[in-house]
Structure formats: C-alpha cells, structure tokens
Amino acid sequence: MTSALLVSFAMTLAMAATPILLASLGELVAEKAGVLNLGVEGMMLIGAVTGFAAATLTGSAYLGCLAAILGGLAASLVFAGLTLGLSSNQVATGLALTIFGVGASSLIGAPFVGKTVARIGPLFPAALAEHPLLRVVFGYDLLVYGALALAAAVGWFLKHTRPGLILRAVGESDTSAHSIGYSVLAVRTAAVAFGGGMAGLAGAYFSLELTPMWADRLTAGRGWIALALVVFASWRPGRLVAGAYLFGAVMTLELHAKAAGFGLLPPEILAMLPYLATIAVLTLISVRPGRVSAAAPACLGKSFSPA
Amino acid sequence: MNPVPVLHAARLQLSEISKSFPGVRANEDVSLVVAPGEIHALLGENGAGKSTLVKIIYGLQAPDAGEIRFDGQLVTISSPKTARALGIGMVFQQFSLFDALSVIENIAVGLDGAMDRKALAGRVDAILRAYSLPLDLDRAVHTLSVGERQRIEIVRCLLVRPKLLIMDEPTSVLTPQEVERLFAMLRQLAAEGCSILYISHKLGEIKALCSAATILRAGKVVAACDPRVESTRRMAELMIGAELNAVERRDEGRPAGGAVRLAVRGLSLPPVGPFSVPLRDIGFEVRAGEIVGIAGVAGNGQSELLLALSGEVAAPGPEMITLDGRPIGRARAGARRRRGLCAVPEERNGHAAIPDLSLTDNAMLTARHRLALTLAGFLRFATARGYAGRVIARFGVKATGPGALARSLSGGNLQKYIMGREIMQAPGVLVVAQPTWGVDAGAAAAIHRALLDLAASGSAIVVISQDLDELLAVSDRLAVLNEGRLSRAIPTATATAHALGLLMGGVHGEPVPSHAHGTPARVPEPAHAVA
C-alpha cells in the first residue's frame with residue numbers, strides 16, 4: 001500500500017517537474033544571452049492551446065507538441081521583435097506578452113473547453129513498466145526523459161561549444177561582443193526563440209499529458225515558477241534540474257495531501273505551497289549578498305542598439 | 001600630382017589618406033611608411049586625427065581618398081576581419097573583454113574561427129612563455145588587474161601572428177612596472193620582425209621605445225622624425241604647432257588689479273583612487289576679472305585639482321583654499337556653491353548632469369541655492385523651468401525644451417547647457433574643466449564669449465583644459481599642471497610654443513633663456529606633452 005503510494009508520488013513528481021524544467025531551460029538560455037523574458041507564462045499558454053488544437057485536428061499528440069513549439073516560438077519572436085528590434089523595455093514587454101497569452105489562449109481555446117484529447121502517453125511498452133519499481137524508471141512519456149536530456153545538452157552547449165561561449169559572451173558584455181564582430185541581436189533573437197519553443201512545449205505538456213482536457217489558464221502560474229527557478233539555479237542547468245524536481249515535490253505533496261483529505265490546512269493554503277516556496281527560495285538566495293548578482297549575466301535585461 | 005613611389009620593402013605604406021566627418025577634416029593627405037620590425041610612433045594632440053587614421057588601417061573606417069599598401073600590395077581593408085587576415089592586430093584603449101568569463105574563454109571568443117580548447121591553451125601558453133607574460137588562463141577577468149587585462153588583448157593579437165600591431169595609448173592605465181614589462185615585450189616583438197604602430201602623446205615613452213615618429217596636427221602630417229635623436233621639446237612644439245603665436249587674442253580690457261577672489265596655497269592631496277595622481281603643493285591665485293588657464297596632459301592631476309577646488313574632495317586644511325579671503329578648504333561642494341564658487345567637471349553625463357533627469361531637474365541640482373529654486377524644502381518648478389528655459393535660449397541649446405532628458409542632448413549641446421547653467425548663476429569664482437570639449441566651433445566661441453563676459457563682470461575664472469588654443473584665447477595667465485605639480489603662471493602674452501614646451505616637458509619653474517642653448521640631453525621621464 002505504502003509502496004504503491006510512493007510509486008505514485010514519485011511519478012507525479014517527475015511529471016509535475018517536467019514542464020517547469022522545459023520552460024526554465026528555455027528561459028535560462030535567453031537570460032544567458034542577456035534577455036529577460038517575463039512572458040514565459042504567456043508563451044506556455046499559447047503553446048498549450050496550439051498544441052491542443054493541433055492534436056485535436058490531427059489526432060496525434062506528437063504533432064500537437066510540434067505545433068506547441070511553433071506557437072511558443074512565434075510568440076517569442078514577437079517579443080524579440082519588440083525588445084531587440086525596437087529596443088522596448090524587456091520587463092514591460094514580457095508582462096504584456098503574458099497578459100496577451102492568457103487572453104489569446106482563452107479565445108482560441110473557447111471551442112475546446114471541456115473537450116479531451118489523445119495523451120502523449122508512456123514511451124516504453126507497458127510490459128516493461130509492469131513492476132512498480134520499474135515503472136518509476138520506465139513509466140513516463142517522452143518529454144520526461146527529453147527534458148532531462150535537454151538539460152544535459154544545454155549545460156554542455158553553454159560550457160563546451162563555441163556558439164555557447166558566444167552566447168554567454170553576448171549576455172556578459174554586449175558592447176565587447178559587438179566590437180569583436182558578433183551580431184548581438186542575432187544571437188539574442190536565437191536565444192529568445194529557443195526559450196519560446198521550450199515554453200510552448202512546456203505548455204503542451206499541460207494540455208496533452210497532465211490534464212488532457214482544455215481549460216482556461218491551465219498552466220496555473222507555473223511559468224512564474226520557471227522564471228524564479230532560473231534565479232534559484234543561479235543560471236546553471238544542473239541546479240535547474242534539482243530545483244525543478246524540488247518544486248515538483250512540493251506540488252505533488254499538495255496534490256497528495258488534498259487527495260488524502262488532509263484536514264489540518266484548508267486546500268487553498270496547500271495550493272499556495274509552491275508559490276510560497278518560490279518566494280522563500282528567492283528570499284533565501286538574495287539575503288546572501290553577492291551570490292546572485294555575481295552569477296547573473298551582466299547585461300541581463302539591458303537593451304542594446306548597435307551604433 | 002606626382003605618383004607616390006611604391007616602397008616594396010615597407011610593411012605599411014599610407015599614401016595621401018584623407019577622411020572627413022561632417023564639419024571636420026580628420027585626416028588630410030596623410031602619408032607614412034612603417035618598415036618591418038620598426039616601432040613607429042604616431043604622435044599628436046587629442047583630435048589631431050591619430051585615432052581616425054588607425055581606425056582606417058584596422059578597417060573600422062573607410063578612407064575618402066588615398067591608398068594603403070601592405071607588404072607592397074595595394075589593399076582595401078573593409079573590416080577588422082580583413083585586417084586580421086592580412087596580419088594586422090590592434091589593442092584598443094577600451095578593452096573588449098567579458099568580466100565573468102575566464103581568460104582562455106575571452107581569448108577564444110576573440111578568435112575568428114573555432115579552435116580546440118586544448119590546442120588553444122597550448123598555443124597561448126607558448127606565447128605567454130615566449131614573451132614572459134604572466135597570466136593565469138583559468139581566472140575570471142573581473143579578478144585581474146588592468147595590465148593583465150591588456151595582456152589578454154595582446155595575446156588575442158599575437159595568436160594570429162601579426163605583421164603589424166597597433167597599440168592605441170596602451171600605457172594610460174598602466175603602473176610603471178607594467179609599462180616596463182609591456183615595453184620589453186614590444187621590443188622583443190619588433191626584434192622578431194613585427195612592426196608596431198604606437199599611438200601616444202607621452203614623449204618620454206616615445207623617446208624610450210620608438211625608432212621613428214610621425215607627428216600629426218589638425219589631421220595633417222606636420223613632421224616625421226627620429227625620436228631617439230629629436231629633442232622632447234622640439235617634438236612638443238611640433239605637436240602644439242607653429243601657429244601658436246598667431247592665435248586670435250582677446251582684445252577688450254577688463255578691470256585690472258582686482259581683489260584676489262580665489263587663492264590656493266600649499267594644496268597637497270593624496271591620491272583619491274587607483275590611477276589617481278597626488279597633488280603636490282599647488283599654489284596660485286585668481287583676481288576679480290581674471291581668467292587663469294591650467295594646461296597639461298590629462299592624467300597629471302587635472303581631475304584631482306577640479307575635485308579639490310569644487311569641494312567634492314576636501315582639502316587637508318581649511319586655509320589651503322580661500323574664497324574672497326574666507327577659508328573654504330574643508331567646505332563641501334554645496335557650501336562652496338552657496339558662497340559663490342561654482343564648478344563644471346569634465347564628464348558631462350553622470351558627473352555634471354544626471355542623464356535620466358530633465359534639464360529642469362538638472363538645473364535644480366546645482367542652482368537651487370543661488371537662484372532660490374527651492375522654498376522651505378519644496379521645489380519651485382515654475383521658477384526652475386523658467387531658469388532652464390533661459391539657459392537654453394541664451395546658449396542656443398538644441399533641445400525639445402526644459403523637460404528634455406539630459407541624455408537626449410548631444411554631447412556638445414549638453415555641454416552648452418551645463419556651462420550656461422553655471423555661468424548664469426553669476427558665480428564669484430567659476431572653475432571649469434574642458435569647457436568646449438566636443439563642442440563645435442561656433443558654440444565654442446559662444447562659450448568663450450560667455451566666459452569673458454562673466455570675467456568682465458568681476459568674477460574670477462579657472463579654466464582647466466588640454467586645448468592650448470582655447471587657453472591662449474581666453475586666459476590672462478597660464479600655468480601647466482604636470483605630475484601633480486603646478487608651474488608658476490606666466491602671462492599669456494609671453495606664452496610661446498617654446499616656453500610652454502619647456503613647462504610641459506617637465507622642466508618648469510626655471511627661466512626660459514637658460515635652455516635656449518644647450519638643450520638638456522634627456523628630459524626626466526616620464527615626460528608629457530600636450531594631449
């Protein structure tokens with residue numbers, strides 16, 4: 001009984017962590033290039049609705065995922081055009097993107113409310129995941145494994161490849177990178193586009209796997225947690241994985257407590273837990289002076305226009 | 001015009017290079033030849049066209065006319081990448097470095113192509129050993145000294161095995177020990193056949209390092225010489241120019257023999273920061289109606305003197321600076337303003353004005369006491385706006401109005417506004433640094449006019465400037481600041497290129513005729529000239 005509960009806990013945890021990990025990986029790359037995109041939540045919602053619509057029309061969850069990536073990417077390119085092309089304020093534009101994403105997903109999703117769709121489903125054949133312990137290892141869909149592999153790939157890309165080095169250089173000093181001869185805006189646009197695609201995919205994970213049914217605002221603010229996680233991880237992909245799974249654990253605790261009829265605290269308080277944890281983590285990090293500011297890309301959030 | 005003979009043995013040959021910007025002829029028919037393995041000095045005051053010329057050589061700017069030959073071949077250098085492919089490297093004054101990245105990452109980012117990290121580390125190590133340059137490849141750049149940072153830039157250049165290395169004022173931020181190390185490296189590089197184009201205005205360094213020199217003034221080549229043989233004084237005179245005595249002189253008379261309004265006596269100040277110069281026993285006085293000019297190369301105590309006079313840095317003793325006979329040496333800037341001493345620092349954005357505040361707000365910052373722009377702690381916006389508007393109108397500042405942000409103004413317009421803001425407060429004493437730096441000729445004349453008018457109304461004015469023509473045009477007496485010491489002030493009427501060259505060469509305070517014959521063999525190092 002308890003082992004079944006543990007297995008179910010572990011699996012819910014991994015699945016709750018996956019969209020946060022995907023979205024925060026994308027944001028990490030954008031921020032490493034010096035762009036602060038606060039529109040993660042909006043891009044996730046746009047990805048969620050385009051993914052759901054495509055999956056409904058085609059019957060394929062994987063095509064839905066692809067559409068979600070393209071949807072998030074398109075939204076991020078609007079953001080890139082405004083902040084990089086027209087040097088608009090990144091914070092204000094990012095907030096506007098989130099508000100836009102909430103509205104647009106609601107509008108596009110209106111015909112789908114209450115409808116269900118084919119889930120992404122487990123990657124490995126059911127026979128392999130019959131035993132409860134094996135299920136913890138082999139029982140997930142492609143994106144759970146994919147997110148972990150991507151985290152490793154992003155870490156390797158940033159640290160060991162020349163494009164990764166150039167991306168970090170652009171985030172560190174746009175003027176120096178420009179004077180050496182790199183196109184700051186092209187690098188940043190690419191980084192923002194990657195962030196958009198990942199946020200879109202993270203959104204599709206909600207609408208195509210976690211709750212395979214359309215509902216308004218189904219991402220429920222997880223985009224903000226992804227944003228906080230990047231700071232929490234001090235811009236390191238390895239710590240991002242740990243952080244995402246930590247937040248996944250908090251969210252899963254909340255679900256299980258609700259299911260078990262845990263009566264000490266009202267469910268509203270339990271629902272606050274992940275967000276309270278976000279605030280607590282950010283506070284704890286920022287009271288240690290010097291740590292965050294040293295890790296943050298020096299040009300984060302600053303506009304750059306080549307002279 | 002005769003065709004220029006092609007020198008096949010030359011590493012770099014420039015023939016009649018010209019480049020104009022709106023309103024300025026930065027380079028006019030500049031020709032020069034750099035031989036292989038030669039350390040060639042490019043000498044001139046600020047604004048003489050040195051930077052434009054090397055930017056043309058490095059492909060950052062295209063010449064309007066003229067030819068560039070590299071190793072005898074006619075070349076068009078369209079970008080820094082082309083220049084690097086030819087074998088031209090350049091170390092800028094402003095480094096292109098990334099603080100959070102390690103040394104080796106900074107070097108890798110600066111390369112044109114990808115290179116395996118281990119192979120790169122090996123080659124960098126070899127270069128560092130060959131030129132005895134200590135540098136830890138795994139340290140983050142923000143932990144390094146300025147000299148070590150410069151080494152990264154040099155290694156970036158050396159990795160492509162340059163045939164010509166351009167150094168733009170490389171020693172301005174280095175300690176003497178770092179300068180020695182740099183010179184040893186440059187000599188070794190030259191001995192191996194690499195040509196070096198060395199831009200500087202520090203004559204002592206050029207005498208010690210270079211075997212040829214081209215002197216620019218106002219965009220033109222005025223002389224080519226061998227700095228090992230030529231005297232420092234002569235080179236200073238060439239840089240300053242022969243027209244020195246022909247500068248337009250002020251004509252109107254002003255109240256002579258007025259009371260002493262500002263007196264500085266025995267002012268010494270320890271360095272206020274790294275790379276800061278200590279002031280040593282500064283003494284001078286300025287009378288009502290008088291303008292005293294302080295000449296000299298930047299970095300010889302100019303900014304420190306301004307800070308000490310404006311009150312941003314307090315003098316050690318109250319009696320060291322007196323204003324109308326009252327000691328103010330310990331008073332802060334605000335208190336000095338209230339008593340009638342206003343100052344205009346050199347840096348406009350961030351020091352003289354706050355870029356993100358409006359012109360009205362910026363007026364409030366320095367004029368609130370003298371012009372009562374505040375009342376019982378409240379801001380009188382209408383009054384302040386009116387004042388800002390009057391400054392804009394009288395000084396012809398091009399701005400959308402008093403509400404315009406300071407950062408939205410061009411450098412010259414902001415300078416006009418800042419000068420006007422202080423002048424129209426009718427201060428008893430005005431101290432200004434570089435009053436017309438970056439300002440076009442017409443506006444410069446207007447600012448000079450306003451300074452003369454202010455003096456005529458009985459104020460005492462100190463002008464700290466590197467522009468000798470400006471000082472000759474407005475000041476009654478001239479002194480030179482060199483290595484934190486101020487020479488005695490000489491009447492402007494008697495200031496010849498010769499006399500000023502002597503004051504600037506570091507041999508000041510002695511009567512001029514004693515050096516008329518038998519020039520001293522060596523001027524004490526480091527000697528500086530006008531920049």
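Figured I'd write up the structure that's included with this text.

Definitions and limits used
- Residues numbered from 1 in each chain as written.
- Chains lettered and ligands numbered in written order.
- Predicted model: local features only at pLDDT ≥ 70, side-chain atom pairs only at ≥ 80, totals over all residues.
- Helix = DSSP H or I, 4+ residues; strand = E, 2+ residues; numbered from the N terminus.
- Buried ≥ 20, exposed ≤ 12 C-beta atoms within 10 Å, placed from the backbone.
- Contact = placed C-beta atoms within 7 Å.
- Pairing = 2+ DSSP bridges.
- Axes fitted to C-alpha atoms, helices over the stretch in contact; angles between N-to-C directions.
- Parallel < 35°, antiparallel > 145°, perpendicular 65-115°, else oblique.
- Left-handed = near helix turned anticlockwise from the far one by under 90°.
- Nonpolar A, V, L, I, M, F, W, Y, C, P; charged D, E, K, R; others polar.

Considerations on the environment of V103 of chain B
All names here are of chain B.
Here is step 1 of the chain: Inspection of the secondary structure puts V103 in helix α3 (residues 103-109).
Here is step 2 of the chain: A count of 24 C-beta atoms within 10 Å places V103 in the buried class.
Here is step 3 of the chain: For the pair V103 and A140, spaced 37 residues apart in the sequence, the C-alpha separation amounts to 6.1 Å.
Here is step 4 of the chain: In contact with V103, not counting residues within four places along its chain, are L135, D136, L137, D138, R139, V141 and I152.

Some remarks on the sheet that holds strand β11 (residues 260-269) of chain B
All names here are of chain B.
Here is step 1 of the chain: The strand order across the open sheet formed by four strands is β12-β11-β14-β15, and the pairing between neighbours is antiparallel. With partners counted over all chains shown, the strands left at the sheet margins are β12 (279-287) and β15 (326-327), one partner each.
Here is step 2 of the chain: Strand direction decides the pairing type here: strand β14 (residues 321-323) and β15, joined by two bridges, are antiparallel. Within β15, the position partnered with L323 by the bridge is R326.
Here is step 3 of the chain: Against the sheet, helix α9 (residues 302-310) engages β11, β12 and β14, with an angle of about 60° to β12.

What to know about the packing of helix α3 (residues 61-85) of chain A against helix α4 (residues 90-109) of chain A
Residue and element names in this part refer to chain A.
Here is step 1 of the chain: Where α3 meets α4, the closest approach of the two axes is 10 Å, and the angle between their N-to-C directions is 150°. Between α3 and α4, the angle is such that the two are roughly antiparallel. Here α3 and α4 pass one another in a crossing that is right-handed. Here A75, F79, L82 and T83 of α3 come into contact with α4, specifically with Q90, T93, G94, L97 and G101.
Here is step 2 of the chain: Grouping the constituent residues of the contact of α3 with α4 by class yields four nonpolar, five polar and no charged.

Structural notes on the interface of chain B and chain A
How big an interface is tends to be stated in terms of accessible area lost as the parts join.
Here is step 1 of the chain: Of the residues lining the interface, 13 residues belong to chain B; the matching set on chain A comes to twelve residues.
Here is step 2 of the chain: Of all the elements in the fold, those that place two or more residues in the side of chain B that touches chain A are α2 (80-86) and α3 of chain B.
Here is step 3 of the chain: Considering every element that reaches the side of chain B that touches chain A, the biggest residue donor is α3 of chain B, with three residues.
Here is step 4 of the chain: Here the residues of the side of chain B that touches chain A sort into eight nonpolar, two polar and three charged.

Here's the deal with the sheet that holds strand β8 (residues 195-200) of chain B
Residues and elements named next belong to chain B.
Here is step 1 of the chain: The sheet built from six strands is open, its strands ordered β6-β7-β8-β3-β9-β10 with mixed pairing. The strands lining the two open edges of the sheet, one partner per strand, are β6 (88-91) and β10 (220-225). Put simply, the sheet's adjacent strands are angled 20° from each other on average, direction ignored.
Here is step 2 of the chain: Summarising the sheet, strand β7 (residues 164-168) and β8 pair through five bridges and their orientation is parallel.

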